[in-house]
There are 2 protein chains.
Amino acid sequence: MAEKHSQPDSLDELCVNTIRFLSIDAVEKAKSGHPGAPMGAAAMAYVLWDRFLKHSPHEPDWPDRDRFVLSCGHASMLLYSLLHLTGYDISIEDIKNFRQWGSKTPGHPEHGVTPGVETTTGPLGQGFSNAVGMAIAEEYLAATFNKPELDIINHYTYVMASDGDMEEGITSEAASIAGTLKLKKLVCLYDDNNISIEGNTKITFSENVGERFKAYGWRVIGPIDGMDVEKVTEAISAARESDSPTLIICRTIIGYGSPNKAGTASTHGEPLGTAEVALTRNNLKWNYPAFTIPDEALSHFREAQVRGRAYQDKWQDKINRYRTAFPEEYRHFELTLKGILPEGWDSNLNGLVAQQMKPLSTREASGTILNAIAAKVPSLIGGSADLSPSTKTNLKGVADFTRENRSGRNFHFGIREHAMGSICNGIAVHGGLIPYASTFLVFYDYMRPSVRLASLMKQRIIFIYTHDSVGVGEDGPTHQPIEQIAGLRSVPGLVTLRPADIAETVESWKIALERNGPTALVLTRQNLPLLDRTRLPFSDVKRGAYILWESDPQPEIILMGTGSEVNIVLSAGQLLGQNGVKVRVVSMPSWELFEQQPNEYKEKILPSTIEKRISMEAASPFGWERYVGSKGVIIGINHFGTSAPGNVIYEKFGLTAEGVVIEANKLLGR
Amino acid sequence: MAEKHSQPDSLDELCVNTIRFLSIDAVEKAKSGHPGAPMGAAAMAYVLWDRFLKHSPHEPDWPDRDRFVLSCGHASMLLYSLLHLTGYDISIEDIKNFRQWGSKTPGHPEHGVTPGVETTTGPLGQGFSNAVGMAIAEEYLAATFNKPELDIINHYTYVMASDGDMEEGITSEAASIAGTLKLKKLVCLYDDNNISIEGNTKITFSENVGERFKAYGWRVIGPIDGMDVEKVTEAISAARESDSPTLIICRTIIGYGSPNKAGTASTHGEPLGTAEVALTRNNLKWNYPAFTIPDEALSHFREAQVRGRAYQDKWQDKINRYRTAFPEEYRHFELTLKGILPEGWDSNLNGLVAQQMKPLSTREASGTILNAIAAKVPSLIGGSADLSPSTKTNLKGVADFTRENRSGRNFHFGIREHAMGSICNGIAVHGGLIPYASTFLVFYDYMRPSVRLASLMKQRIIFIYTHDSVGVGEDGPTHQPIEQIAGLRSVPGLVTLRPADIAETVESWKIALERNGPTALVLTRQNLPLLDRTRLPFSDVKRGAYILWESDPQPEIILMGTGSEVNIVLSAGQLLGQNGVKVRVVSMPSWELFEQQPNEYKEKILPSTIEKRISMEAASPFGWERYVGSKGVIIGINHFGTSAPGNVIYEKFGLTAEGVVIEANKLLGR
């Protein structure tokens, strides 16, 4: 096979083999990693980076760069090789530290850790879907800001994907959206090597991927020989002129060059081993010691820096002309790119609270607040997985983002929660936009992997989860979240907010917009009684928990609740107070924010001397021991829900003020 | 449109409208529900149930019945109507109690609640994937037990799916598997009505579903007029003769018959309203009061009971002949169908513990145990989402389940965790088999919705999750679970087991096989030091937690751990013991099982008088306060992991015996 693809002594072949052997050597040194994919896909990646990719190694975050996503994140050494070779701030020492503690070259690419890594990949299908989000962000920003002859945003999004990516359902979801939206500047290089961990993909994956993508509305090129640089060049050239997203099916050989292991699963996830590395060097006529980069190859790769500066200069010139011609738009553009909220963005929010005179669901409150914010923050865009009439996330008087209209801000993700989450991650890491995504809380489960990645990448994304408890009612246990709130709270870095009324919902939205990371808003379907904020202290969501009401500043018992249960524990507290109990009622919209408070504040709200405590949340009691302690009572739901009207379920499940009073009296020995 | 489809006065039309109006009336009475889908799909469903479905209303669990899955579970009234009309134990009162507390007719179909409901549906895509599992179970059982002319298992699996099902990624995964496996007795009726909640599906779903399914290897029939009984009849007849799974694309009109709402999203999820119901009655010339079933229709539908008895009689005759001709096979068949484990199935397991002399990962231990059990329990089948070499779930010397070999027991699900979970649910609810599914613990997130449904349906399924902590090492944070153990523990009804060594792993497997519900086994990638069971008390996993070692029967401090951290807390305990501390070390493989113990036992293991407690688990500390209390120390990981060798991470993250000793000394004031 080597004969077929190599043009001995050609510069291209030298460069491709440089990538291969950097990858092989790094995996070998780390005694861990995935050499097979970089060896097979080196030519594809080389062509893209050498002949097409618009990027600037000196300024990895330059806004109008093409985006490159390695969806098959296990091929990380392919990407690190390219970053090092083209002159990013990744030294050969970093390459030698592949997969070691504190290195810039972790096992899978991590956004924020390594310059030039656009998104964190590894869990298959996520990168592909992120790329769809990036292509959407590009279209939106271009449509919003570009002016004739001043296309200040105009770039491609390239994604390299593997068989595994193609098998994951999230990829199908995202590909269908990309086809529907005709995201023509999205190009996927599909590294089709027919090998997965359990062996040949035939045993599990006999489908025709090309036909499948055509059905989604993609242009499909290939299968081509993905190790032939000219064939790949032709294909990418054609893809860039397409009026649809394009899939280039590149047939490759995993572990190409390894005499005994090429084309087998054994090159996928472990080092080749010293002997086989030697044989591979011999086979590909690579006579350099480990980690050696031939000068000729290096100087060729480093031309990327020169090209990069030229790209930037040209862009800067456009920007200068844009700034002069369209100063107002430029100001917006700059704020948007920097992710800065416009001054006064939240000035009309507090008024919404005072206006509220009737019972209201927090989803309705959220919808009103979202619309008020969106009117002032143009970079806030998003939508729902086919539930916007229920999640109240439609922006009123604002267009849809569609195939025809790229400046619409209402997104329709279809019934595809997982891709929705991952597309929002892609929009966020692209830069310039603040995405939100909404569905019912129970369907958070469908998108949990994307929410995790949002958190790992510390992206400002607002996940809006409505229908947050058995209060959903008749739809029954499949639609009633029980363990999902605990699920959200357990994700490191995510802030979960479950507001009790419009006042807390306003604050929750403010926190979400100002965070440097993702936020989950957990909202009710059902109306909640009005909490009279003229008589109750103003809410203090940013501290996570606060005293909502107390009958005595030296309480003997504390009642806690979140969201829809706050009014229940308040009623219980007032009943107890009328009977002479010294009681405090605490609203606790966010565990994570409360944990961030100084001990002094925590002790003020939940003094350790008061061990009589009751919490109520219409959800799994999981984790409430942290605040209730071992002497208190946790009122929650330790089983699945049931189909019945929501108020009946609350009653039958004991989620009532009377229930709290009974437990309180027991604790108090009355 | 009415003219086109109705054949006024025909019995078929009368029956179809009977389904429509029962559904309309039930939704109207409940003031909640989804009338549109039953109205549009009534004809399709009627044809299937009237002319094809092999079932016996008197004996809903008759083993060789055709399976019918309503993947679009929101159309539940369609199914309840059919169940009532054909004579299942669902009365008209049950229909009137649609969506009420304690009724047999919950908002979405629930397996175990309603006779004739094969699986719990509602979360879209799950039913479709369950159906793939059922078709697999049928093929496996048929191949295993049938004899020439004695096809004691020979049935179809029909699934009705909606646009929403088609959009969900899990459906793509399952459809690709079904195509690869050529599950020819699987027939999907796709109710293609072009409407979803946010409006016309064009805005999100422009793909060609038929071409997509062809790409998966399905036969595709249609689009046909899904409201024309003869066209549907022809299509189903053809599908039954196919040599691939078949998708029948049935164009329908959501809310068919409603003059003002047909074809709109407003019929999807709310009652039509009194006025529109009256207009619909008028339009379809339905002059009966609410909940009235015309005698002629009822007697026609009830012929299903007669047919059902005939099906059963014929089958019973085959069974009788089978029992005579193949008594040994029959005995197996009976045990299998009843889910009874063969006598002595676990007799060779304890020996495995004694043989173990070297450090071992619990994934390796599990693989050995699984193979030992599988040798004695032929109904145990399963596989992995392309990770069996890593999860150690391959059955040695056993064939693969493939297109060609239906009696293979090793399944290759491909990189499709979500469909894997849901297919296993389908295999389990089909009856006769005990499925297991495996992947890395972090990818539990990809299949969380299926695990939830396994739990809601109380199915005996074993979820094997390996690579259970930062001990995974170099693959980094995308592959290192942190919050997943808490995620599992929070699911109602699921039992999570994290064994510390081979002895605990043996017991864990026994528990999993004997449970009436799903179990998650959480296993290490890395080797663990041997726990010397000749010197330590035998493990007691079934009680959830037990005393592994103590320096004094009246301890002053308790150390707790699970899985890979047990040997660390044991070392710490022994160090402390050597320094005169009265210390107890508790191994706690399962919170759920410990919670089920009497208070006396719990108090024995964790006496409330001993408040100095330390837990260690290489995972989120979420929820450990339950056992550690407010005076103790929880050693866990409150952030994401990192890429480095596993032992380095343990050291840097403070997951060491020395770390425990330091905390213990602090607690003890030493």
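Our subject in this report is the structure included herewith. (Residues numbered from 1 in each chain as written. Chains lettered and ligands numbered in written order. Predicted model: local features only at pLDDT ≥ 70, side-chain atom pairs only at ≥ 80, totals over all residues. Heavy atoms only, no water.)

Here's the deal with the overall build of chain A
- Looking only at helices and strands, chain A features 26 helices and 18 strands.
- The C-alpha radius of gyration of chain A comes to 28 Å, within 12% of the 26 Å expected for a compact globule of 670 residues.
- Along the first, second and third principal axes, the C-alpha set of chain A runs to 90 × 60 × 45 Å.
- Looking at chain A as a whole, 68% of its 670 residues qualify as buried. (Helix = DSSP H or I, 4+ residues; strand = E, 2+ residues; numbered from the N terminus. Rg over C-alpha atoms; globule rule 2.2 N^0.38 Å. Buried < 20%, exposed > 50% of the residue type's maximum accessible area, 1.4 Å probe, protein only.)

Observations concerning the packing of aromatic side chains
- Taken as a whole and judged by the stated rule, the model has 59 aromatic pairs over all chains.
- With centroids separated by 5.7 Å and ring planes inclined at 25 degrees, the aromatic side chains of W591(A) and F622(B) adopt a geometry described as stacked. Pair noted here: W591(A) is in helix α22 (residues 591-595) and F622(B) is in the loop between β17 (613-616) and α24 (625-628), and the two residues belong to different chains.
- For W591(A), a relative accessible area of 2% puts it in the buried group.
- For F622(B), a relative accessible area of 4% translates into the label buried.
- Between F463(B) and Y465(B), the aromatic rings sit 6.3 Å apart at their centres with planes inclined by 10 degrees, giving stacked as the arrangement. The burial state of F463(B) is the same as that of Y465(B); both residues are buried. (Phe/Tyr/Trp six-rings, centres within 6.5 Å; stacked < 30°, edge-to-face > 60°.)

Quick look at the sheet that holds strand β13 (residues 519-522) of chain A
Residues and elements named next belong to chain A.
- Across the sheet, which stays open at both edges, the six strands sit in the order β9-β8-β10-β11-β13-β12 with parallel pairing between neighbours. Since the sheet does not close on itself, it has two edges, and those belong to β9 (410-412) and β12 (495-497), each with one partner. Recorded for the sheet is a direction-independent mean angle of 20 degrees between the axes of neighbouring strands.
- Of the pairings in the sheet, the one linking strand β8 (residues 380-384) to strand β10 (residues 434-440) comprises five bridges and is parallel in character. Paired with S384 across the two strands is S438, which belongs to β10.
- In the packing of helix α15 (residues 362-376) onto the sheet, the strands contacted are β8, β10 and β11 (462-466), and the crossing angle to β8 comes to about 145 degrees.
- Along the sheet, helix α17 (residues 417-430) makes contact with β8, β10 and β11, crossing β10 at roughly 170 degrees. (Pairing = 2+ DSSP bridges. Axes fitted to C-alpha atoms, helices over the stretch in contact; angles between N-to-C directions. Contact = heavy atoms within 4.5 Å.)

Re the sheet that holds strand β1 (residues 67-70) of chain B
Residues and elements named next belong to chain B.
- Read from one edge to the other, the open sheet built from five strands follows the order β1-β2-β3-β7-β6, with strand pairing classed as parallel. Edge positions in the sheet fall to β1 and β6 (219-225), since each of these pairs with one other strand and no more. If you compare each strand with its neighbour and ignore which way they point, the axes differ by 15 degrees on average.
- Bridge count between strand β3 (residues 186-192) and strand β7 (residues 246-251): six bridges; the pairing is parallel. Among the inter-strand pairings, V187 is bridged to a residue of β7, identified as T246.
- Here helix α3 (residues 36-52) sits on the sheet in contact with β1, β2 (157-162), β3 and β7, set at roughly 155 degrees to β3.

As for the interface of chain B and chain A
- Of the residues lining the interface, 97 residues belong to chain B; the matching set on chain A comes to 97 residues.
- Counting the surface lost from both chain B and chain A, the interface buries some 8100 Å², and carbon and sulfur atoms represent 57% of this.
- Three residues stand out in chain B for area buried against chain A, namely W101(B), R452(B) and F622(B), and they jointly supply 11% of the buried area on that side.
- At the junction of chain B with chain A, the criterion picks out 10 salt bridges.
- Ionic pairing is found between E167(A) and R416(B), a salt bridge with its closest N-O pair at 3.9 Å.
- Counting every contact that joins chain B to chain A gives 54 residue pairs in polar contact (both at pLDDT 80 or more).
- Along the lines of polarity and charge, the residues of the side of chain B that touches chain A split into 36 nonpolar, 37 polar and 24 charged. (Buried area = accessible area lost by both parts, 1.4 Å probe. Salt bridge = Lys/Arg side-chain N within 4 Å of Asp/Glu carboxyl O. Polar contact = N/O pair within 3.5 Å; in protein donor to acceptor, adjacent residues only side chain to side chain. Nonpolar A, V, L, I, M, F, W, Y, C, P; charged D, E, K, R; others polar.)

Topic: the side chain of S366(B)
- With respect to the secondary-structure elements, S366(B) resides in helix α15 (residues 362-376).
- Once residues lying within four places of it in the same chain are set aside, the contact partners of S366(B) are I464(B), T505(B), W509(B) and L523(B).

With respect to the packing of helix α12 (residues 295-325) of chain A against helix α13 (residues 327-338) of chain A
Residue and element names in this part refer to chain A.
- Running from N to C, α12 and α13 point in directions that differ by 125 degrees, and their axes come no closer than 5 Å. For the element pair α12 / α13, the angle class is oblique. Here α12 contributes W315, I319, Y322, R323, T324 and A325 to the contact with α13, which in turn contributes P327, E329, Y330 and F333.
- A breakdown of the residues in the contact of α12 with α13 according to their chemical character gives seven nonpolar, one polar and two charged. (Parallel < 35°, antiparallel > 145°, perpendicular 65-115°, else oblique.)

Quick notes on the relation of the copies chain B and chain A
- Mapping chain B onto chain A is achieved by rotating through 180 degrees and translating by 0.0 Å along the same axis, at an RMSD of 0.0 Å. Both copies are brought into coincidence by an operation consistent with a two-fold rotation axis. (Least-squares fit on C-alpha atoms with pLDDT ≥ 70 in both.)

Details of the packing of helix α3 (residues 36-52) of chain A against α12(A)
Residue and element names in this part refer to chain A.
- Contact geometry for α3 and α12: axes closest at 9 Å, N-to-C directions at 40 degrees. By the angle between their directions, the pair α3 and α12 is classed as oblique. Facing α3, whose interface residues are Y46, W49, D50 and F52, α12 presents H300, F301, R307 and Y311.
- When grouped by side-chain class, the residues that make up the contact of α3 with α12 number five nonpolar, one polar and two charged.

Some points on helix α10 (residues 229-240) of chain A
Residues and elements named next belong to chain A.
- Taking 1.5 Å as the rise per residue, α10 with 12 residues should run 16 Å; its terminal C-alpha atoms sit 17 Å apart, in good agreement.
- Of all the residues in α10, the buried ones are V229, V232, T233, A235, I236 and A239. Buried positions in α10, seen along its axis, are confined to an arc of 170 degrees and lie on one side of it.
- Where α10 is buried, its residues meet α2 (11-30), α3, β2 (157-162), β3 (186-192), β6 (219-225) and β7 (246-251).
- The backbone nitrogen of E230 has a side-chain oxygen 2.9 Å away, supplied by the residue at the start of α10, namely D228. (Expected span 1.5 Å × (residues − 1). Arc of directions from axis to C-beta.)

Thoughts on helix α20 (residues 502-514) of chain A
Residue and element names in this part refer to chain A.
- Here α20 is 13 residues long and its end C-alpha atoms lie 18 Å apart, about the 18 Å a rise of 1.5 Å per residue gives.
- Within α20, 12 of the 13 residues are buried, which leaves the element mostly enclosed by the surrounding structure.
- Looking only at α20, the buried set comprises I502, A503, E504, T505, V506, E507, S508, W509, K510, I511, A512 and L513.
- Two or three places before A503, at the start of α20, stands the capping residue D501, its side-chain oxygen 3.2 Å from that residue's backbone nitrogen.

Comments concerning the environment of A644(A)
- Of note, A644(A) is situated in the loop between β18 (633-635) and α25 (646-652).
- By relative accessible area, which is 0% here, A644(A) ends up buried.
- Along the sequence, A644(A) and G471(A) sit 173 residues apart, while their C-alpha atoms lie 9.4 Å from each other.
- Beyond its immediate sequence surroundings of up to four residues, A644(A) is in contact with G473(A), E474(A), I649(A), R99(B), Q100(B) and W101(B).

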